[in-house]
Amino acid sequence: MSRIEDHSIFGNYNQTENRVTAALLQIMKIGGTGFIENLMNQIDDNLDFPKSEIKIVTQEKEKSNVYDGLLDCNFVFRVIIESKIESGKINKKQLEGILENAVNSTDYVLFITPENSKPSILENRERPIYWTNWKMINDLLKENNTNQEPLNFLINEFEKYLEFLKLLNVVSPECRVQIAAGSYGEPIALKYGFYACQNYRTIKESKYLAFYNNRGIHTLFEILEEPINDCDLSKLEDSNVKQYLSDHEPNYSSRDKRQFYRLNLIDDKLKIEHSGMNNKGKKTAFTMGVFRYTTIDKLQKAKTTEEL
């Protein structure tokens, strides 16, 4: 057994694949149990972790298999992590060996690969195999970043490493669409031309903002200026913002700073439906309280959120 706390951020390995996995596990270790729980539940909400200490090991050997990573919680559950940095490289024999060892109902298998969709070899199994890609891992790490050191530093360095290895689909900000939960924000954006959310939310530079609301995406806005943090809405010389405060927040306090976007409506007739379900057949929201991202060309062609 090789405890992750005995390794540096990029591990002590010659193989790049092992270094990437070791770096991710080290970030999990430093983030702590709550951080890991949030991360795994966002990968799939069927990964329902107990709130107790999670042991993390790398390059764990069991019978004839060596796992890239293992999350273990006092035999209450285990998550076996296998990672690939090249597409189409999942070994069928290795996969079958892992599944032979993951015999308990509390054993989960998670694959991380570069593909944009779940590899077919992982589909239609007797027991579910969970999957995500490096881009989603990176997005979730940033969304769960507490901006506390050293976690903040490690997440930023990890992103640079993934970019160096070309494991992220780097999108120009001119083509990027930021998607926000919009049950409250969308009506305000349509009427008053702005969006104001929680201060210092982690974001990627984007030209466009769309809202997920009523189980779909119906509106698209252009972001006119770089979003502002620490924004006191009462100090803005903007008649629309003043009218909004009068209409909706007459008791607004200047201590309530927000992240602020000026918007221009581009399209309010989008019909992108969401029918996503988890493995239990329960519908799940597209945003789940965090920002999602896509590209403008995908958004303009899509009929469902699965196409984004």
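Residue indices follow the written sequence of each chain, beginning from 1 at its first position. Totals for whole chains, interfaces and linings use every residue, but because this is a predicted model, local features are given only for residues with pLDDT of at least 70 and side-chain atom pairs only at 80 or more, for both listing and counting. Just so you know, side-chain values use all the structure's heavy atoms and leave hydrogens and water out.

As for the overall build of the protein chain
Each helix corresponds to a stretch of at least 4 residues labelled H or I by DSSP, and each strand to a stretch of at least 2 residues labelled E; elements are numbered beginning at the N terminus. Broken down by element type, the protein chain carries eight helices and 14 strands. Per-residue burial over the protein chain gives 48% buried out of 308 residues. When accessible area is computed with a 1.4 Å probe and restricted to protein chains, residues below 20% of their type maximum are described as buried, those above 50% as exposed, and intermediate ones as partly exposed.

Topic: the pairing of strand β2 (residues 55–62)
By the convention used here, strands pair only if DSSP detects at least 2 bridges between them. With seven bridges joining them, β2 and strand β3 (residues 65–72) adopt antiparallel strand pairing. If you follow Glu 60 over to β3, its bridge partner there is Tyr 67. Between the end of β2 and the start of β3, which pair antiparallel, lie two residues, with Lys 63 showing a positive phi angle near 55°.

Description of the pattern of salt bridges
Pairs may arise between side chains of opposite charge once their charged atoms sit close together. The term salt bridge refers to a pairing of a side-chain nitrogen on Lys or Arg with a carboxyl oxygen on Asp or Glu at a separation within 4 Å. For the structure on display, the rule yields 14 salt bridges. Across the salt bridge formed by Glu 249 and Arg 258, the nearest N and O atoms sit 2.7 Å from each other. Note that Asp 268 and Lys 269 form a salt bridge whose closest N and O atoms lie 3.4 Å from each other. Note on Lys 269: relative accessible area 66%, which makes it exposed. Counted as one network, the salt bridges with shared partners bring together Lys 135, Asp 139 and Lys 204.

Section: the layout of surface pockets
Roughly 300 Å³ of volume is contained in the second largest pocket. Cavity and pocket criteria rest on a 1 Å grid covering protein atoms alone: a 1.4 Å probe that fits but cannot get out defines a cavity, protein on both sides within 12 Å along at least 5 of 7 lines defines an open pocket, and an atom within 4 Å of a point defines a lining residue. Surrounding the second largest pocket, 17 residues form its lining, Ile 203, Glu 205, Ser 206, Glu 226 and Pro 227 being those nearest its centre. Here the residues of the lining of the second largest pocket sort into five nonpolar, five polar and seven charged. Grid points are joined across faces, edges and corners, and a volume is the space filled by probe spheres set on the points. Gly is put with the polar residues, along with every residue not named as nonpolar or charged; the nonpolar set is Ala, Val, Leu, Ile, Met, Phe, Trp, Tyr, Cys and Pro, and the charged set is Asp, Glu, Lys and Arg.

Thoughts on the side chain of Arg 258
One can find Arg 258 in strand β12 (residues 258–267). Definition of a polar contact: a pair of N or O atoms within 3.5 Å, with one able to donate and the other able to accept a hydrogen when the atoms are protein atoms, and with sequence-neighbouring residues admitted only if both atoms are side-chain atoms. In terms of polar contacts, Arg 258 uses its side chain to reach the side chain of Glu 249, at 2.7 Å. Look past the residues within four positions of Arg 258 in its chain and what remains in contact with it is Ala 196, Cys 197, Asn 199, Ile 228, Asn 229, Asp 230, Cys 231, Leu 233, Tyr 244, Glu 249 and Tyr 252. What makes two residues a contact is simply this: any of their non-hydrogen atoms within 4.5 Å.

Notes on the environment of Thr 295
Within the secondary structure, Thr 295 is located in strand β14 (residues 292–295). Taking the C-alpha atoms as reference points, Thr 295 and Lys 207, 88 residues apart in sequence, are found 9.8 Å from one another.

Focus on the packing of aromatic side chains
To pair, rings of Phe, Tyr and Trp, with the six-membered ring standing in for Trp, must have centres within 6.5 Å; the planes then decide the type, stacked if under 30 degrees apart, edge-to-face if over 60, and tilted in the middle. Going through the model one piece at a time under the given rule, you end up with nine aromatic pairs. On the numbers, 5.5 Å between centres and 75° between planes, the contact of Tyr 192 with Tyr 244 is edge-to-face. In this pair, Tyr 192 is assigned in helix α6 (residues 185–192) and Tyr 244 in helix α7 (residues 239–248), connecting sequence segments 52 residues apart. Tyr 192 gets classed as buried once you look at its relative accessible area, which sits at 4%. Between the NZ or CZ atom of Arg 201 and the centre of the ring of Phe 291, over which it lies, the distance is 4.0 Å. Sitting over the ring of Tyr 293, Lys 204 keeps its end group 5.3 Å from the ring centre. Ring-over charges, as used throughout, are those where CZ of Arg or NZ of Lys falls within 6 Å of the ring centre and within 35 degrees of the ring normal.

Let's talk about the pairing of strand β5 (residues 107–113)
Taken across its seven residues, β5 has seven buried, putting it largely inside the fold. On β5, burial covers both faces: Asp 107, Val 109, Phe 111 and Thr 113 on one face and Tyr 108, Leu 110 and Ile 112 on the other are all buried. Judged from the six bridges that link them, strand β4 (residues 78–83) and β5 form a sheet pairing that is parallel. If you follow Ser 83 over to β5, its bridge partner there is Ile 112. In terms of handedness, the path from β4 via helix α3 (residues 92–101) over to β5 forms a crossover that is right-handed. Judged from the four bridges that link them, β5 and strand β6 (residues 130–133) form a sheet pairing that is parallel. Looking at β6, one finds that Leu 110 is bridged to Tyr 130. Every crossover in which the path from the first strand over the helix to the second runs clockwise, viewed with the strands pointing away from the viewer, is termed right-handed.

Examining unusual backbone geometry
Residues Glu 149 and Pro 150 are joined by a peptide bond in cis, for which omega reads 5°. You can see Pro 150 is positioned in the loop between α4 (134–143) and α5 (151–164). The phi dihedral of Lys 166 falls on the positive side, at around 60°, and the residue is not glycine. Given a relative accessible area of 72%, Lys 166 falls into the exposed group. Located in the positive-phi region is Asn 214, a residue other than glycine, with phi close to 50°. Here Asn 214 lies in the loop between β9 (208–212) and β10 (216–223). Given the relative accessible area of 65%, Asn 214 is considered exposed.

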